[in-house]
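Observations on chain architecture
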Amino acid sequence: MNHTDFWTLGIIIGLALVTVLTRSFFFISSKSWQLPHWAQRGLQYAPIAALSAVVVPEIVTVQGVLVTTWQDPRLFAAVVGAGFYFWRRDVLLTILTGMAVYLPLHLGLGW
Amino acid sequence: MFFLSRLYRHPAFVVGMREVSPQSPGIAAWGLMTGVAMVKSGMSLFEASAMTLLVFAGSSQLAAIPLIVAGAPAWVILATGFCVNLRFVVFSLHLRPYLMHLPRWQRMFHGYLTADISYVLFTRKYPQPGETPQERLAQEAYLAGNDFLNWASWIVASFVGIALANLIPPSWGLGFAGILCLLGIQCSLASSRMRILSAAVAGVAAVVAYSLPLKLNIVVAIAVAVILCLTVEQLKPASKAQA
């Protein structure tokens, strides 16, 4: 069984505070105020950059080294999952179709 | 804030619940998988439960999991969670005029409980903030009902996922569903060419800079992508300003 440690609990509390801070960011102060222009523009680009920075290495690298074979189930699952998203605009479908590609290749063919 | 009687007794509360209900299975599937992913990453039952109940933000939870496993420093994990959550900062700016008549703790509680789907449904239902106290109360009750069913679907499904995780062997690689979920959210944010550029640059930079210690590649990738996009905007202000 996995064990609990204080470092991870500290991270969890920190992430909870991040949720509160970001979701209520502009309600915290009663005064009306605005972000500087560059920061407002940056808000357009940072969320997708953060997701991409986490997601892409998890799909195309093994321990940080770019995969050199096309026989990797993650590549096919990601392409199919993203394709279904743009077709049907449904994140759930991305997960289901991606896993429907991933599991047979991974468990069936042992990739 | 479904625990306030002035909200849950209001007829708009049930309307809010009813209108989010078609989304409920999707939210539950995402919660289920996040529950599985947390336990499969090596978190204890207590840690996974605390994360579910306190953090209540699927994308930042899923983004944090590989970083926690890699032993990244706390500030890198929190900064990544913050960046993934920056979309909520945009939502909070939009929701501000609807909530400013409330005391601060109530505003912040509404904000904490309002995730992507509730924000979208609420602002679609009420394009303008209420003008009379009755209208404001109805809007607040609708939001609370919407948030409640969304919250309940997420929490219950996450706990089911935590419970089921031990029955599924790690070799199945089910944790990959978490990455696919983040990929789907990423696609949903790809609403302009400039955002696609941001995603492409960040993805390449995160791989190129992978050997940096402390998972700093994530922070570097976000910074490079945002700075590059802001620079491109400056160079082509007219054609890209709508991004």
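Right, let's walk through the structure included here. Fair warning: this is a prediction, and the values are worked out from it, not measured in the lab.

**As for the overall build of chain B**
- Counting secondary structure elements, chain B contains 14 helices and 0 strands.
- When the helices and strands of chain B are placed in sequence order, the string is α-α-α-α-α-α-α-α-α-α-α-α-α-α.
- Since a compact globule built from 243 residues should have a radius of gyration of about 18 Å, the 20 Å found for chain B is in line with a globular shape.
- Across its three principal axes, chain B shows a C-alpha extent of roughly 55 × 55 × 30 Å.
- For chain B, with 243 residues in total, the buried portion stands at 57%.

**Things to note about the environment of B:Met33**
- Counting through the fold element by element, B:Met33 comes out in helix 3 (residues 24-40).
- When its relative accessible area of 9% is taken as the criterion, B:Met33 is described as buried.
- C-alpha of B:Met33 to C-alpha of B:Cys181: the two residues are 148 residues apart in sequence and 8.8 Å apart in space.
- Apart from the residues lying within four places of it in its own chain, the contact partners of B:Met33 are A:Ile95, B:Leu62, B:Ala177, B:Gly178 and B:Cys181.

**Some thoughts on the packing of helix 6 (residues 74-84) of chain B against helix 13 (residues 216-235) of chain B**
Residues and elements named next belong to chain B.
- The geometry of helix 6 relative to helix 13 is characterised by a closest axis approach of 9 Å and an angle of 35° between their N-to-C directions. Here the hand of the crossing between helix 6 and helix 13 comes out left-handed. Packed against helix 6, whose contacting residues are Trp-75, Val-76, Thr-80 and Cys-83, the element helix 13 presents Leu-216, Ile-218, Val-219 and Ile-222 at the interface.
- For the contact of helix 6 with helix 13, the per-class residue count stands at 7 nonpolar, 1 polar and no charged.

**Side note on the interface of chain A and chain B**
- At the interface, 70 residues of chain A touch 86 residues of chain B.
- Its largest share of buried area at the contact with chain B, chain A owes to A:Arg23, A:Phe27 and A:Tyr45, together 13% of the area lost on that side.
- Run the count over chain A and chain B and you get 1 salt bridge.
- A salt bridge links B:Glu233 to A:Arg41; the shortest N-O distance between them is 2.7 Å.
- Our count for the chain A to chain B interface comes out at 21 residue pairs in polar contact (both at pLDDT 80 or more).
- Looking at the side of chain A that touches chain B, the elements that each hand over two or more residues are helix 1 (6-23), helix 2 (37-60), helix 3 (73-88) and helix 4 (91-108) of chain A.

**Overview of empty space enclosed by the protein**
- Within this structure, the stated rule accounts for 2 cavities of 30 Å³ or more.
- Counted as a void, the largest cavity has a volume near 40 Å³.
- Taken together, A:Ala53, A:Val54, A:Pro57, A:Glu58, B:Pro66, B:Leu67, B:Lys215, B:Asn217 and B:Ile218 make up the full set of residues lining the largest cavity.
- Partitioning the lining of the largest cavity into residue classes produces 6 nonpolar, 1 polar and 2 charged.
- For the second largest cavity, the full set of lining residues is A:Arg23, B:Phe88, B:Phe91, B:Leu95, B:Gly111 and B:Thr114.
- With 3 residues, helix 7 (residues 86-99) of chain B is the single largest residue contributor to the lining of the second largest cavity.
- Grouping the amino acids of the lining of the second largest cavity by side-chain chemistry returns 3 nonpolar, 2 polar and 1 charged.

**Remarks on the packing of helix 4 of chain A against helix 11 (residues 176-189) of chain B**
- Contact geometry of helix 4 of chain A with helix 11 of chain B gives a least axis separation of 8 Å together with a crossing angle of 140°. With respect to helix 11 of chain B, the axis of helix 4 of chain A lies oblique. Handedness of the helix 4 of chain A/helix 11 of chain B crossing: right-handed. Facing helix 4 of chain A, whose interface residues are A:Val91, A:Thr94, A:Ile95, A:Gly98, A:Met99 and A:Tyr102, helix 11 of chain B presents B:Phe176, B:Ala177, B:Leu180, B:Cys181, B:Gly184 and B:Ile185.
- Here the contact of helix 4 of chain A with helix 11 of chain B is composed, by residue class, of 9 nonpolar, 3 polar and no charged.

Cut-offs used in this document
Residues numbered from 1 in each chain as written. Chains lettered and ligands numbered in written order. Predicted model: local features only at pLDDT ≥ 70, side-chain atom pairs only at ≥ 80, totals over all residues. Heavy atoms only, no water. Helix = DSSP H or I, 4+ residues; strand = E, 2+ residues; numbered from the N terminus. Rg over C-alpha atoms; globule rule 2.2 N^0.38 Å. Buried < 20%, exposed > 50% of the residue type's maximum accessible area, 1.4 Å probe, protein only. Contact = heavy atoms within 4.5 Å. Axes fitted to C-alpha atoms, helices over the stretch in contact; angles between N-to-C directions. Left-handed = near helix turned anticlockwise from the far one by under 90°. Nonpolar A, V, L, I, M, F, W, Y, C, P; charged D, E, K, R; others polar. Buried area = accessible area lost by both parts, 1.4 Å probe. Salt bridge = Lys/Arg side-chain N within 4 Å of Asp/Glu carboxyl O. Polar contact = N/O pair within 3.5 Å; in protein donor to acceptor, adjacent residues only side chain to side chain. 1 Å grid on protein atoms, 1.4 Å probe; cavity = no way out; pocket = protein on both sides within 12 Å on 5 of 7 lines; lining within 4 Å. Points joined across faces, edges and corners; volume = space filled by probe spheres on them. Parallel < 35°, antiparallel > 145°, perpendicular 65-115°, else oblique.

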